[in-house]
Amino acid sequence: MTKPTAIIAGITGQDGAYLSKLLLDNGYQVVGLLRSYINNALRGLRYLKIDDKVILEECDLLDITQLINVIKKYQPTEIYNLSAQSSVSISFKQPIGTVQYNTLSVLNILEAIRLTDTKLKFYQASSSEMYGMVNDLPITENSIMHPLSPYAVSKAAAHWLCINYRESYDLFICCGILFNHESYLRSDNFFIKKIIREAIQIKQGKQEILRVGNIDISRDFGFAPRYVEAMFLMMQHSVPDDYLVCSGQSISLRAIINHVFDQLHIDKNKIVEDPTLFRPTDIEDIYGSNVKANEVLNWSYDHHFFEILDLLIEEEMQNS
Ligand code: NAP
């Protein structure tokens, strides 16, 4: 029997690596789309020892002809779009590039599916950042969106394009609305990875202080290898729908830093709060409800984030 084929756009990112592993373990042929082989692109796949198991194709998601060709070549059953300029901070510095790429890439995939194979299932990586300014917590799938950054606006636009294509053309499209999820494979510029890496540098005497922005904000953090399971499950369900994927509780950034410093026995006077690093607008506190994913997909999550932090500190220490 031939294997089902899944295409993953954004294969070089954190989620691309973990989702590839999960799909390979479930008997899929995985085709990863990447913008170029230059740079450290395959770091995640190599780390999970699957770089020789994934077929790689250079493909610019802004070029619909390339997308159509790749769909015709591999005839996948599923496409997962994890590709995006994914940093909120960068989106304030590069708003035009962020909004252009994060929306047009998704519209191109949707059009490519509509024009080639309307049976093809599509997963879009939506984000909890879309909700932004919230009054009622926890967030649910029905909460009102009020995005607070160019990144969040771009994700909300892509999200609504997906819903519009599902409703207009009866396509199988799922949006996973993921809250922050971390792993060793997270890029260095994201908060958790940055805190752990820099704390280890301080411990090793290679750095003096940890400079941070506003740490009196709270977020709902989870573990990436567990979150990609929810992506896969929603694509296997009989009805396409959108799901929040989250831990269900928030933790302040200050509590996270304190935990990392305590675990590494570092003096907390080395934490320097710098107002110049504050964002123009920021969400104060946000956490979601994972009841729908639990009840419909049977996806459950019961890790406390400190447990995940301890794992990440250990993994970073082993590899630094
Ligand atoms: P990531 O590690 O930042 O990976 C992003 C991927 O998108 C990489 O493969 C990257 O390719 C590609 N990409 C970025 N900008 C691009 C551009 N301008 N042109 C072409 N490719 C570009 O993200 P992740 O953490 O795996 O997250 C996966 C998806 O989930 C993203 O869409 C993100 O916005 C969304 N999301 C993530 C979280 C989270 O906490 N991780 C939460 C909610 C939603 P290069 O390697 O070539 O740069």
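Attention here is on the structure that accompanies the text.

Conventions used here
- Residues numbered from 1 in each chain as written.
- Predicted model: local features only at pLDDT ≥ 70, side-chain atom pairs only at ≥ 80, totals over all residues.
- Heavy atoms only, no water.
- Pairing = 2+ DSSP bridges.
- Helix = DSSP H or I, 4+ residues; strand = E, 2+ residues; numbered from the N terminus.
- Axes fitted to C-alpha atoms, helices over the stretch in contact; angles between N-to-C directions.
- Contact = heavy atoms within 4.5 Å.
- Buried < 20%, exposed > 50% of the residue type's maximum accessible area, 1.4 Å probe, protein only.
- Phe/Tyr/Trp six-rings, centres within 6.5 Å; stacked < 30°, edge-to-face > 60°.
- Lys NZ or Arg CZ within 6 Å of the ring centre and 35° of its normal.

1. Brief notes about the sheet that holds strand S11 (residues 242-245)
Moving on, step 1. Ordered by their spatial adjacency, 7 strands build an open sheet running S3-S2-S1-S4-S5-S6-S11, and the pairing between neighbours is parallel. Only two strands of the sheet have a single partner each, and these edge strands are strand S3 (55-58) and S11. The sheet shows a mean angle of 20° between the axes of neighbouring strands, direction not considered.
Moving on, step 2. As paired elements, strand S4 (residues 78-81) and strand S5 (residues 121-127) share 4 bridges and run parallel to each other. Bridging across to S5, Tyr80 finds its partner in Tyr123.
Moving on, step 3. Here helix H1 (residues 14-25) sits on the sheet and contacts strand S1 (5-9), strand S2 (29-34), S4 and strand S6 (173-178); the angle it forms with S1, its principal contact strand, is near 175°.
Moving on, step 4. The sheet strands contacting helix H8 (residues 224-236) are S4, S5, S6 and S11, and the helix crosses S4 at an angle near 145°.

2. Thoughts on the side chain of Lys193
Moving on, step 1. In this structure, Lys193 sits in helix H7 (residues 191-203).
Moving on, step 2. Given a relative accessible area of 4%, Lys193 falls into the buried group.
Moving on, step 3. Setting aside residues no more than four positions away along its own chain, Lys193 makes contact with Ser183, Tyr184, Arg186, Ser187, Asp188 and Glu316.

3. Some thoughts on the packing of aromatic side chains
Moving on, step 1. Enumeration according to the criterion identifies 8 aromatic pairs in this entry.
Moving on, step 2. Ring geometry for Tyr28 versus Phe232: centroids 5.9 Å apart, planes at 80°, classification edge-to-face. Taken as a pair, Tyr28 in the loop between H1 and S2 and Phe232 in helix H8 lie far apart in primary sequence, 204 residues in all.
Moving on, step 3. Residue Tyr28 is classed as buried on the basis of its relative accessible area of 6%.
Moving on, step 4. Ring geometry for Trp299 versus Tyr301: centroids 5.7 Å apart, planes at 20°, classification stacked. There is no split in this pair, since Trp299 and Tyr301 are both buried.
Moving on, step 5. An aromatic cluster is defined as three or more aromatic residues linked by ring pairs; in this entry it consists of Tyr227, Trp299 and Tyr301.
Moving on, step 6. Note that Lys193 overlies the ring of Tyr184, its terminal NZ or CZ placed 3.9 Å from the centroid.

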